[in-house]
There are 2 protein chains.
Amino acid sequence: MSVKQYIQDHQEKFLNELFDLLRIPSVSADPKFKGDVLSAAEFVKDSLISAGADKVEVCPTAGYPIVYGEKIIDPSLPTVLVYGHYDVQPADPYDLWDSPPFEPVIKKTEMHPEGAIFARGSADDKGQFFMHVKAFEAMMSTGTLACNIKFMIEGEEEVGSENLDIFVKANKEKLKSDVVLISDTSMISMETPSITVGLRGLAYMQVEVTGPNRDLHSGSYGGAVANPINILCKMIASMQDENNHITIPGFYDKVEELSSEYRAELNKAPFDLEEYKKLLAIDDIHGEKGYTTLERTGIRPTLDVNGIWGGYIGEGAKTVLPSKAYAKISMRLVPNQEHKEIAQLFEDHFKSIAPASVKVKVTPHHGGQPAVIPTDSAGYRAAQGAVMEAFGKKAIPTREGGSIPITSLFQKELGLDPILMGFGLDTDAIHSPNEHYGVKNYLIGIETISLFFKHFKEEASK
Amino acid sequence: MSVKQYIQDHQEKFLNELFDLLRIPSVSADPKFKGDVLSAAEFVKDSLISAGADKVEVCPTAGYPIVYGEKIIDPSLPTVLVYGHYDVQPADPYDLWDSPPFEPVIKKTEMHPEGAIFARGSADDKGQFFMHVKAFEAMMSTGTLACNIKFMIEGEEEVGSENLDIFVKANKEKLKSDVVLISDTSMISMETPSITVGLRGLAYMQVEVTGPNRDLHSGSYGGAVANPINILCKMIASMQDENNHITIPGFYDKVEELSSEYRAELNKAPFDLEEYKKLLAIDDIHGEKGYTTLERTGIRPTLDVNGIWGGYIGEGAKTVLPSKAYAKISMRLVPNQEHKEIAQLFEDHFKSIAPASVKVKVTPHHGGQPAVIPTDSAGYRAAQGAVMEAFGKKAIPTREGGSIPITSLFQKELGLDPILMGFGLDTDAIHSPNEHYGVKNYLIGIETISLFFKHFKEEASK
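Keep in mind the model is a prediction, meaning the values are calculated, not measured.

**Student:** Is there a simple way to think about the sheet that holds strand E4 (residues 105-107) of chain A in this case?
**Tutor:** To summarise the sheet geometry, strands pair through backbone hydrogen bonds and adopt either a parallel or an antiparallel arrangement. Residue and element names in this part refer to chain A. Ordered in space as E4-E5-E18, the 3 strands form an open sheet in which the pairing is antiparallel. Every interior strand has two partners, whereas the edge strands, E4 and strand E18 (436-438), have only one. Across this sheet, the average inter-strand angle for adjacent strands is 30°, counted without regard to direction. Looking at chain direction, E4 and strand E5 (residues 116-118) are connected through 3 bridges and run antiparallel. Each residue of the ladder has a partner; that of Lys107, found in E5, is Ala116. Along the sheet, helix H14 (residues 439-460) makes contact with E4, E5 and E18, crossing E18 at roughly 60°.

**Student:** What is the right way to look at the pattern of salt bridges in this model?
**Tutor:** When the charged atoms of two side chains lie near each other, side chains of opposite charge can form a pair. Residues and elements named next belong to chain B. Here the structure, examined in full by the defined rule, presents 54 salt bridges over all chains. In this structure, Lys4 engages Glu447 in a salt bridge whose closest nitrogen and oxygen atoms are separated by 3.7 Å. Residue Lys4 is found in helix H1 (residues 3-9), and its partner Glu447 is found in helix H14 (residues 439-460); the two are separated by 443 residues along the sequence. We classify Lys4 as partly exposed; its relative accessible area is 47%.

**Student:** Hey, could you run me through the interface of chain A and chain B in this one?
**Tutor:** One frequent convention defines the size of an interface as the accessible area lost when the parts assemble. Contact with chain A, which involves 89 residues of that partner, is made by 89 residues of chain B. For the pairing of chain A and chain B, the buried interface totals around 7,600 Å² over both sides, and the portion due to carbon and sulfur atoms is 52%. On inspection of chain A and its partner chain B, the count reaches 0 salt bridges. Here the side of chain A that touches chain B takes 10 residues from strand E11 (residues 302-311) of chain A, the largest share from any one element. Partitioning the side of chain A that touches chain B into residue classes produces 37 nonpolar, 33 polar and 19 charged.

**Student:** I'm lost on the sheet that holds strand E5 (residues 116-118) of chain B in this one. Help?
**Tutor:** Residue and element names in this part refer to chain B. In spatial order, the strands read E4-E5-E18; together these 3 strands make up an open sheet with antiparallel pairing. Strands with a single pairing partner mark the edges of an open sheet, and in this sheet they are strand E4 (105-107) and strand E18 (436-438). Pairwise comparison of adjacent strand axes, ignoring direction, gives a mean angle of 30° for this sheet. The pairing of E5 with E18 spans 3 bridges and is classified as antiparallel. Across the sheet, residue Ile117 finds its bridge partner in E18, namely Tyr437. Lying on the sheet, helix H2 (residues 11-22) is in contact with E4 and E5; it crosses E5 at an angle near 20°.

**Student:** How do you make sense of the packing of aromatic side chains when you look at a structure like this?
**Tutor:** To describe a pair of aromatic rings, you give the distance between the ring centres and the angle between the ring planes. All chains considered together, the criterion is met by 28 aromatic pairs over all chains. Between A:Tyr6 and A:Phe14, the ring centres sit 6.2 Å apart and the planes meet at 45°, which makes this aromatic pair tilted. An identical accessibility class is assigned to A:Tyr6 and A:Phe14; each is buried. Each ring, one from B:Phe391 and one from B:Phe423, has its centre 6.4 Å from the other, and the planes form 5°; the classification is stacked. Highlighted residues: B:Phe391 in helix H12 (residues 378-391) and B:Phe423 in the loop between strand E17 (418-420) and E18, separated in sequence by 32 residues.

**Student:** How should I be thinking about the domain arrangement of chain A in this particular structure?
**Tutor:** Residues and elements named next belong to chain A. With domains assigned, chain A is organised as domain 1 (3-199 + 370-460) and domain 2 (201-255 + 301-368). Here the C-alpha centre of domain 2 lies 35 Å away from the C-alpha centre of domain 1. On the domain 2 side, the residues contacting the 12 residues of domain 1 number 12 residues. Both faces combined, the contact of domain 1 with domain 2 buries some 740 Å², and carbon together with sulfur accounts for 59% of it. Across the domain 1-domain 2 interface, the total number found is 0 salt bridges. Viewed at the interface, domain 2 and domain 1 are joined by 0 residue pairs in polar contact (both at pLDDT 80 or more). Tallied by class, residues from the side of domain 1 that touches domain 2 come to 5 nonpolar, 4 polar and 3 charged.

**Student:** So what exactly am I meant to see when it comes to the state of the cysteines here?
**Tutor:** Defined simply, a disulfide is a covalent bond joining two cysteines at their sulfur atoms. Scanning the entire structure with this criterion turns up 0 disulfides over all chains. A:Cys233 carries a free sulfur, and the closest cysteine sulfur to it, the one in B:Cys233, is 3.9 Å from it. On the basis of relative accessible area, A:Cys233 is assigned to the buried category, the value being 0%.

**Student:** Any chance you could explain the relation of the copies chain A and chain B here in plain terms?
**Tutor:** Think of it as a corkscrew move, a rotation about one axis and a shift along it, taking one chain copy to the other. Between chain A and chain B, the superposition needs a rotation of 180° and an axial shift of 0.0 Å, giving an RMSD of 0.0 Å. Read as a symmetry element, the transformation amounts to a two-fold axis. A high fraction, 100%, of the interface residues of chain A reappear at the interface in chain B, so the copies pair face to face through one surface.

**Student:** What exactly am I supposed to notice about helix H11 (residues 339-353) of chain B here?
**Tutor:** One turn of the α-helix equals 3.6 residues, which is why residues spaced by three or four share an orientation. Residues and elements named next belong to chain B. The end-to-end C-alpha distance of H11 is 21 Å, a good match for the 21 Å that 15 residues give at a rise of 1.5 Å each. By the burial criterion, the buried members of H11 are His339, Ile342, Ala343, Phe346, Glu347, His349 and Phe350. Along its buried surface, H11 packs onto strand E9 (201-210), helix H7 (228-238), strand E11 (302-311), strand E13 (324-333) and strand E14 (359-368). A distance of 3.1 Å separates the backbone nitrogen of Lys340 from a side-chain oxygen at the start of H11, and that oxygen is part of Glu338.

**Student:** Sorry if this is basic, but what is going on with the UniProt feature "domain: Peptidase M20 dimerisation" (unreviewed entry) in chain A here?
**Tutor:** UniProt's feature table lists "domain: Peptidase M20 dimerisation" (unreviewed entry) at residues 197-355 of chain A, given in the numbering used throughout. A helix fraction of 32% and a strand fraction of 23% characterise residues 197-355 of chain A, whose end C-alpha atoms lie 43 Å from each other.

Reading the values: rules and limits
- Residues numbered from 1 in each chain as written.
- Chains lettered and ligands numbered in written order.
- Predicted model: local features only at pLDDT ≥ 70, side-chain atom pairs only at ≥ 80, totals over all residues.
- Heavy atoms only, no water.
- Pairing = 2+ DSSP bridges.
- Helix = DSSP H or I, 4+ residues; strand = E, 2+ residues; numbered from the N terminus.
- Axes fitted to C-alpha atoms, helices over the stretch in contact; angles between N-to-C directions.
- Contact = heavy atoms within 4.5 Å.
- Salt bridge = Lys/Arg side-chain N within 4 Å of Asp/Glu carboxyl O.
- Buried < 20%, exposed > 50% of the residue type's maximum accessible area, 1.4 Å probe, protein only.
- Buried area = accessible area lost by both parts, 1.4 Å probe.
- Nonpolar A, V, L, I, M, F, W, Y, C, P; charged D, E, K, R; others polar.
- Phe/Tyr/Trp six-rings, centres within 6.5 Å; stacked < 30°, edge-to-face > 60°.
- Domains from an automatic or database assignment.
- Polar contact = N/O pair within 3.5 Å; in protein donor to acceptor, adjacent residues only side chain to side chain.
- Disulfide = S-S within 2.5 Å.
- Least-squares fit on C-alpha atoms with pLDDT ≥ 70 in both.
- Expected span 1.5 Å × (residues − 1).
- UniProt positions renumbered as here; feature names shortened; annotations may be inferred.

Following this line, the structure appears as structure tokens:
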């Protein structure tokens, strides 16, 4: 039986198994889901065992465990290391979900006329890493596994992958491979498949501004005592100038100005500004002066407030001058920007612009290094070959805005350029309410991944 | 028996009755407390009846009812109209209260070495209007009531007193009096009693900024799509310039520049900047350039953000570019600034500064007119006389930052300048967690109010 046939025959099983995984609310950012995150790790372990992996283990770390498994069919064959993560983003705000985030259902959408799986983690990354487990099962069951395979599925990607760093450094021999394959990114569309060759890094900060030592009556004190919300707004506003350049001193020092040739190439990717605006229901885009939307999300660093709160946020009116205001602020980074250095620049700057009337506290949450993937490797050519065979079209290389902290870790510690072959769409609402993942994307992903192994065996022997 | 003796003999009863009232969470801003607000109205009715009032009724309005009661001992005598409110501010955030907000307890503090009653509404305004009920009871029981008395206690002061306006206009004859007496303000200290002769008005707005139609992944869209939190911060920041002047066009048009003589007089009130900063634990004050702290809180309009929220505000990190951001913004107004006009100026300006990349919505919450009280009336002289007799010191006339919407309503509709004889302290944390009211303030307030009636009878006949 061919792999393609096996996948067709087991569609329902593959979907049901993914549903079981999606039902586990493995939110790594929130301690109240600790038991669920651990359950998800056990689920991954069991699924690897039943797919046919050897030496499967749930490796403890200082945080959530890393699930490892392998199948070495012939030491002389090349080895593919699969990376993924079983943890998910928080599902808040729950009331904006049309169906509960941890009760997966299939619904049709404009982008997914044949149905999409709605659930937190369906695209990021449960639905995507699970394709590898199922592709492995399909190749094992049909006797077509062409390379050795190793799995490393972690549970802290959404909170910065801090312990993975330690794990990779300590297990270089165990993880030794010829290529790393990751599905945790998106492609342009089913009609225009693409492979991600650049990722932005991330520095995520939390800030706290304290004015008076207690909430005050704004009638008695307003106008005379610093209001931490007004001050925080001023501070945030000042961090971007009228051209939406970031004003943190030193922020751009290591940012490379890319050549006009490179930028012209990047801007060849299909992009329809009117369609983009229509899909987001916005009248205008907004970003750094002098750059296109593809450049703004691909090659330029950014600063976004991801959350803000302070004072009275209930129903009605309360005339309070609050003691404290808070914000979560993250910066997307481009190659050469080191996330810890940027976090420090942010902290120094934030403290320097605070007026004497308030006190500020800055806490770095987590970070990730930016990465660029070369397109002249056996792995990249294998991915191109697999996409061509599955989709009947050549994949376009794209730079994506998201961050996968492990990318640069692999490059540095294992000397491997990961292949970022993701099958989600930008419209899949990852990190948002109503996250979903196309059923067709899931199934063609399993097929494409299986084909990657065949092509990689060929490319690696060239 | 003298009134003073009666008060001494009934201290415990007076405190216990107030405690019963404070146990009712009559939060008018939050619909979930509706039943409790109505219970508080019934409590007021019962307390007026048992104190000896006639014609007591709970008058329905489109919102919460107004409790009326009177005692006409002799139509030829002057009549005092007492105003107060039985509703309270929301108690959020509950976790910052050292004891539950609706379970009153007496604790000693630095400012109240003889104990203060800790509970939401203890100072604003249950503890203060209830002094009038108890003073009335004391005068009735000792046969010393010197003037006729009318009570009008409402339940919507904390949400703008909208229905009181209609009630007063419709009941001018019923409310006909010679003076209005209100205890809903603070005095400088027990050692330096003061009477409020100016109040700022209020315009309270809620704003909503919408960027994309759904929460987005900041990695995929950040830098290219307007982030409503960043935009809201910029908009708020721009509403005050580097001198903390408010930039809304027309905002200051009707603000009177007071004479240097007047300002000099105002600045004679005792004020210790070092003590002020120490009590609030701030290193510096913050306000409009060119004005002192007393001027900033007394005679200048202000703009404060009372609450802000948007994006992910839970534990940990979520890299979301949110669809919406919100803020509650209020402006304190000075004489001649009309609150509805200011609300309109705010709305027009807020809409005009919004970039095309977002949509904004502005909702006025409620407002109140500013007021100035003349110091040459019989009522003011009676208050001075009562304070002198109770405290042994002359009261200082002060301008206060808070707003009591009814003040200007009384002036306009009934032709009466209210006497603002309050006994709270600025440190009583009204509108804040751990609101409290001194036991001694409560008892001396009851005595001073009783003395007011004696003095007013004399002054009114002059």
